[in-house]
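Single-letter residue listing:
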Amino acid sequence: MSRIPASVAADRRATDRYLPVLALGFAGYVVLGKSFAYLGMPPLFMGEILFALGLLAFFASGCVTTLLTTVPAVSAALLMAWVLLRTLQGVGAYGVDALRDGAVALYAGFAFIVAALLVERPARIAQIVGYFRVHARVLIPIAIVLYLIARFFGASIPKLPGHNVEIISVRSGELAAHLCGALVLVLVGLCKVSRTWLVVALGAALLVASQSRGGMLSLLLPLVLAMILTGQVGRLAAIAAGLMLVLLMAYAVDFEIDLPRGERPISAAAVIENLASIAGSSDANNLDGTKQWRLGWWQAIRDYTVHGPYFWTGKGFGINLAEADGFVVGLERGGPTLRSPHSVHMTYLARGGVPGLALWLLTIGSWSVAMLRAAHLAWRRGDLDWARYFVFLLCYFASIVIDASFDVALEGPMLGIPFWILFGIGFGSLMVYRAWHLVEAPARFARVPRNGARLVGAALIAVAGLLGGPASDAAANAPCPAGAILVPVGASIQALVDRAPPGAAFCIAAGLHRAQTVAPKDRQSFVGQPGAILNGAELVTDIRRQGAFWVTASPKPGIRPFGTCLPHRARCNDPHRFFLDGEPLEPVADRADLAPGRVFSDPATGLSHLADDPRGRTLERTRQLYAFDNAGARGITVRGLIVEKYATPAQQGAIFGDENPRATDWLIEGNEVRLNSGSGIATGDRSIVRRNKVHRNGQLGISPNGTDVVIEDNEIHENNTYGFDAGWEAGGVKAGKVERLTLRGNHVHDNYGSGLWCDVDCRNVLFENNLVERNSDAGIFYEISFDAVIRNNTVRLNGTGRGGQQGSFWVWGAGIQIAASEGVRVYGNKVTVAEGGRGIVIVDQGRERVDQPRRGNGAKQQFYRTARNAVHDNEIVYEGETGLSGGASDVPASHPNFGIIETGGNLFDRNTYVLRRPTEAPLFIWGHEPVSYDRFRSLGQEANGRIVPPD
C-alpha cells in the first residue's frame, strides 16, 4: 500500500495543529479583549506568537505562490508592501512604535496564513464553520457577561501583572462586531440557538447601542444587509417593529441604568440620542463634542494629504498623530492616551498618504465585491449553504469595518487580527468554492472552458469570474484527503486498488486519466482533486486519408445494441462512439449519409469513415464500458470527479453501482458525469446521489434502482443526446421497481424525454422541491406504480417534443403525469403549461400487472388501476389558449377498467387554474372527452377549486 512521505505527513501535522491554536487566539480576543493581547513576554505578545507559529504552517502548506492570484490577495499584498516600506523608514526615528503602528496592515499576514490552510485542505472550511458556531453559542454569551462585569464593576477588576490593563477589557465596538457576526450566523441559518440565547443577544445589542454610536451602526447595518441578501425582508420588518416598540416603551417609562466611572447610562434615550447624533447635532453626554473633535481631526488630515505636502507619503508610521496634528486627548489623565484618529481610513491616509488609502479601499472593496458575487453565484447554482456562508463572512467583515470607521479598532490586535483572519477565510473559501465547481455557469453567465482547468484556488476571481484571472499550475499539487493514496496521472487506478485493503481512500490527481476502469473493494473511496477527469476513450492515431474521407479501424462491438431508437437516429444504441474535439460524432447507417459531424462504421470491413479532417484536432473513440464497475462492492464513495466518454450500454451507468445485489450504500457526490453512451449514474440499494452535474449522456442521466435511494440537489440536463425513443426509456431520471425512492431538490431541465420518471411497480416514492422544466416529454411521470407523494415542485413548460420525442400528444407529456397508478398524492406544486401542453393529468391504460398470478384454478387476469389519486392545492398556469388537466381513460367499454377514472376515488380539489389568455377551449378532461370547467365541477371535481381569468 502506498504511503504519504514522512516529510509531507509532518507538514500536514503542522498545518493541522495550527488552526485550533488560531481559533483559541480568536476566542481570546473575543472574550478578554485587550488583556489577552498583552499576554506574553515583550516584545513577543500573543499576536506575535500566533503570527510566528502561523508562518511555520504557511510554508508547510505548500500553497505560498498559489494565493497571489486573486485581486483581493494581490491588493492586500501591495498594501502590506507599501505600509512595510513606510514603517521601515520610520524605525530609525521611532523604534518599536513604528512597527506597532504598521501592524494595522502587517496583520494581513494572518489572511495569507488562513487562506493557505484552506487551499491546502478544503475540508477545513467545515471545521471553521464549526468554530464559528462555538463562537456564537459559547463565546458570545461569555463575552456579554464579562462586558457587563466590566461596565458595572470596572473599578474592582484587577489589572494584568506588569501592565495598566484590566484583565477584562472588551470595548463596546469589539463586542458589537463579534455579536453581529454571531447574529448573522443565526439569521442565515448556519447555526441554531435557543430563544434564551436570542433574548440575551438582542438585550446585549441594545446595551451596546446605548454605549457606542459606532457599535450601534456596526450591529444594525450588517444585520439589515444579511436579511436583505437572504430574502428575509418580511422578517426584518417584523424585528424592526418589535425593537422599535421596545424602545418606545422603555423611553416612555424613562428606563435608565447608571454606570460607574461617568460612562453613558444604559437607556432607550441613550440609543435614540446616539441615532440622532449621527445625522445631526446633540448635546447629550457630549456626543456632539466627540463628533466635532473627530470631524475636525479628519479634516486636518485631508488638508495635509489630499490637499497638502503629504499626498504621496503621509506622515509615516511611528509618529504620534495626535501630538503631531494637535488633537491630543487624555492629558488630564496623566498624558497622551491616543496615537491615531478614530477611523482606520483616516489612519491609512494620514500615515500612508493617498496611495495607502487607495490600496486599503481597493483591498476591502475587491474582497467585499468578491464575496457578494460568490454569494449570488452560489444562490443561482442552488448551493444555499455556500451562499449563506459567503453572506455571513461579508456581514461579519462589514461590521468590523464599520466599527473601525468610528474608533481605533484595526490599529490593535484585538480586532485587527480577527479582521484579517476573516479576510483570509473569505478569499481562501472563495478559491476553494470556485475550484470545486468545475461546471458550466448558469444560463445568464458566459460558458467557461473546463477541460484541463486546474483550479484549487489558482483561478483569478474577478472580471471573468469573481475578481480573478487565469488558472495556475499550483492546482496540480492540491492536497489529498488525510491518509489517501495518491493516484498520479498515468498510473493504473485498478492496480492500486488491488494492492489496497477494503476501506482505503484514493485521491485522483488533477489531470486526464484515460481509459481507466475501477472495480473497487468494500468501503473504498475515490476523491478527485479539482480537474481530475476519468475519460473512457482512447486517442485515435491510426487514421489515414482515403479518397474524400478519413479512415480508421473500428473497435469490435462486443456489446449487442440494446434499446429502441427514434427513426432518424437508428444507431442511438451503439455505445461505441467517436469524439472530435470533445464533441460526439453522429453514427450513420450508410456511407452515403456521411457529412461533417458524422461517422460511418462498416461492419464488413471493420473500418470507420469520417468526413471531417482530423489533422490538428483531438479524435477519440470509446474504449472502456465503465468508470466504476461495482463488482459487488458496498459502501463506495465517488466524489469530485469528471467522468466522461464511457461506452456504457443502455440502462447502465458509467458510475455503475447497480445490478449486483451486494452493491449497496454507494455515495456519489459532487461529480460531473457527461458524454457517456448509456446512463451517467446507476445505483443500488441505500445509495445517495447528491450535488452532481449529470448532462449530455446518450440515454439517461440517472438510473436509480433498489430500495431507500436518495437523489438530491443534482443538476440533470440535456440527456438522451443519442436519440433513444423516450417512450422506451430515456431522459433525465428513470427508475423501475424501486421502493422508498426520494427525488428532492434537483434541477431537471432540457432532457430529451421525461424529466423524472418512475415506472413499473414503484412504491413509496417522494418527489419534492424539484425544479423540472423544458423536458421533451412529461416533467414528472409516475407509471404503473403505487403510493407516491409529488409535492412542492416547480414544473414548467414540459412536453416540448424537442429532439423528435412525442411531447404533448392527447393527454401525454403533462407537467405531472400519473398513468395506471394508484395512491398518489399531488399537492403544493406550481405547474406552468405552454400553448397546447398538459398540466396535471391522470390516465388509465388498462395495463396488465407485471406480477400476474399463475393461470389456472380460476385466477383472473389483473390490471393496474388508476385509483385513489388525490390532486389538490396546486397552481396550474396556462400560458396559451389551449391546454388540458384532469383524468382520462384509454380503454374501451368492454375493458374491466372502463370507468375507473370516475369510480376509482380519484379527486381534483382546491387547485387554482390561472389563465394568461382568454379562451373558449375546454381545459379539462374527465373520462373519455374534454370538458369545460363547469362540467368538470358537475362531475364531482374541484368543489373548492377556482379559475383565475386573465387581467
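Model, not experiment: these values are computed from the prediction.

So, how was this worked out
- Residues numbered from 1 in each chain as written.
- Predicted model: local features only at pLDDT ≥ 70, side-chain atom pairs only at ≥ 80, totals over all residues.
- Heavy atoms only, no water.
- Helix = DSSP H or I, 4+ residues; strand = E, 2+ residues; numbered from the N terminus.
- Buried < 20%, exposed > 50% of the residue type's maximum accessible area, 1.4 Å probe, protein only.
- Contact = heavy atoms within 4.5 Å.
- Areas by Shrake-Rupley, 256 points an atom, 1.4 Å probe, with all protein chains shown as cover.
- Phe/Tyr/Trp six-rings, centres within 6.5 Å; stacked < 30°, edge-to-face > 60°.
- Pairing = 2+ DSSP bridges.
- Axes fitted to C-alpha atoms, helices over the stretch in contact; angles between N-to-C directions.
- Disulfide = S-S within 2.5 Å.
- Expected span 1.5 Å × (residues − 1).
- Core = buried A, V, L, I, M, F, W, Y, C linked by side-chain atoms within 4.5 Å.
- Patch = residues over 30% accessible without salt bridge, like charges linked within 9 Å, V, L, I, M, F, W, Y side chains within 5 Å.
- Salt bridge = Lys/Arg side-chain N within 4 Å of Asp/Glu carboxyl O.

### Brief notes about the overall build of the protein chain
Secondary structure assignment for the protein chain yields 21 helices and 51 strands. Relative to its full complement of 951 residues, the protein chain shows a buried share of 57%. Put simply, of all contacts in the protein chain between residues at least 6 apart along the chain, 68% involve residues at least 24 apart. As displayed, the protein chain has an accessible area near 38,000 Å², and 58% of this comes from carbon and sulfur atoms.

### Brief notes about the packing of aromatic side chains
If you walk through the whole model with that rule in mind, you get 40 aromatic pairs. Plain terms: the ring middles of Trp926 and Phe936 are 5.8 Å apart, the flat faces sit at 75° to each other, and that makes the pair edge-to-face. Within this pair, whereas Trp926 is found in strand β49 (residues 924–927), its partner Phe936 is found in helix α21 (residues 933–938), the two being separated by 10 residues in sequence. This pair shows no difference in class: Trp926 is buried, exactly as Phe936 is.

### Some points on the sheet that holds strand β15 (residues 586–588)
Within the open sheet, the 5 strands sit side by side as β11-β12-β17-β16-β15. Their pairing is mixed. Looking at the sheet topology across the chains shown, the edges are occupied by β11 (543–546) and β15. Between one strand and the next, the sheet's axes are offset by a mean angle of 35°, whatever the strand orientation. As paired strands, strand β12 (residues 549–553) and strand β17 (residues 607–610) are joined by 4 bridges and run antiparallel to one another.

### Some remarks on the environment of Val134
Mapped onto the fold, Val134 is located in helix α7 (residues 124–153). The spatial distance from the C-alpha of Val134 to the C-alpha of Ala182 is 9.5 Å, given a sequence separation of 48 residues.

### Let's talk about the sheet that holds strand β18 (residues 619–622)
Taken together, 4 strands build an open sheet; the order of strands is β10-β18-β13-β14 and the sheet is antiparallel. With one partner strand each, in any of the chains shown, β10 (537–539) and β14 (583–584) form the two edges of the open sheet.

### Regarding the state of the cysteines
Within this structure, the stated rule accounts for 2 disulfides. The disulfide partner of Cys565 is Cys572, and the S-S distance across this bridge is 2.0 Å. Measuring the twist about the S-S bond at about -90°, one finds the Cys565-Cys572 disulfide to be left-handed. Each member of the pair, Cys565 as well as Cys572, carries the same accessibility label: buried. Two residues, Cys758 and Cys762, share a disulfide whose sulfurs are 2.2 Å apart. On the sign convention where negative means left-handed, the S-S torsion of about -100° between Cys758 and Cys762 marks this disulfide as left-handed. Each of the two residues, Cys758 as well as Cys762, counts as buried. Of all cysteine sulfurs, the one in Cys180 lies closest to Cys395, which takes part in no disulfide; the gap is 6.9 Å. What makes Cys395 buried here is its relative accessible area of 0%.

### Some words on unusual backbone geometry
For Asn720, which is not glycine, the phi torsion reads 70° and is therefore positive. Following the sequence through the fold, Asn720 ends up in the loop between β30 (715–717) and α19 (726–729). Taking relative accessible area as the criterion, Asn720 reaches 2% and is therefore assigned buried. If you check the backbone angles, Asp873 has positive phi at about 60° while not being a glycine. Relative to the assigned elements, Asp873 resides in the loop between β44 (870–872) and β45 (875–878).

### Observations regarding the pairing of strand β40 (residues 814–819)
In terms of burial, β40 is largely enclosed, as 6 of its 6 residues are buried. Examined bridge by bridge, β40 and strand β43 (residues 837–844) share 5 bridges and lie parallel to one another. From the neighbouring strand, Ala814 faces β43, where its bridge partner is Arg838.

### Observations concerning helix α8 (residues 172–187)
For α8, which comprises 16 residues, the first-to-last C-alpha distance of 22 Å matches the rise-based estimate of 22 Å (1.5 Å per residue) to within 8%. Most of α8 sits out of view: 16 of its 16 residues are buried. Positive phi appears at Gly189, one or two residues downstream of α8, with a value of about 90°.

### Some points on the nonpolar core
Among the nonpolar cores identified, the biggest contains 128 residues, and Phe132, Trp360, Trp420 and Phe427 are the most heavily contacted of them. Sequence-distant contacts of Phe132, that is, excluding residues within four places in its chain, are made with Phe26, Leu185, Phe392, Leu393, Tyr396, Leu422 and Ile425. Counting residues in each nonpolar core, the second largest holds 73 residues, with Ile493, Phe628, Ile636 and Cys762 among its members.

### Digging into a nonpolar patch on the surface
Taken together, the side chains of Val21, Leu44, Ile49, Leu53 and Leu56 make up a nonpolar region of the molecular surface, amounting to roughly 420 Å² of accessible area. Relative to the helices and strands, Val21 resides in helix α1 (residues 6–32).

### Observations concerning the environment of Leu187
Relative to the elements of secondary structure, Leu187 occurs in helix α8. Owing to a relative accessible area of 13%, Leu187 belongs among the buried residues under this scheme. Distance from Leu187 to Met227, taken between C-alpha atoms, is 7.4 Å for residues 40 residues apart in sequence.

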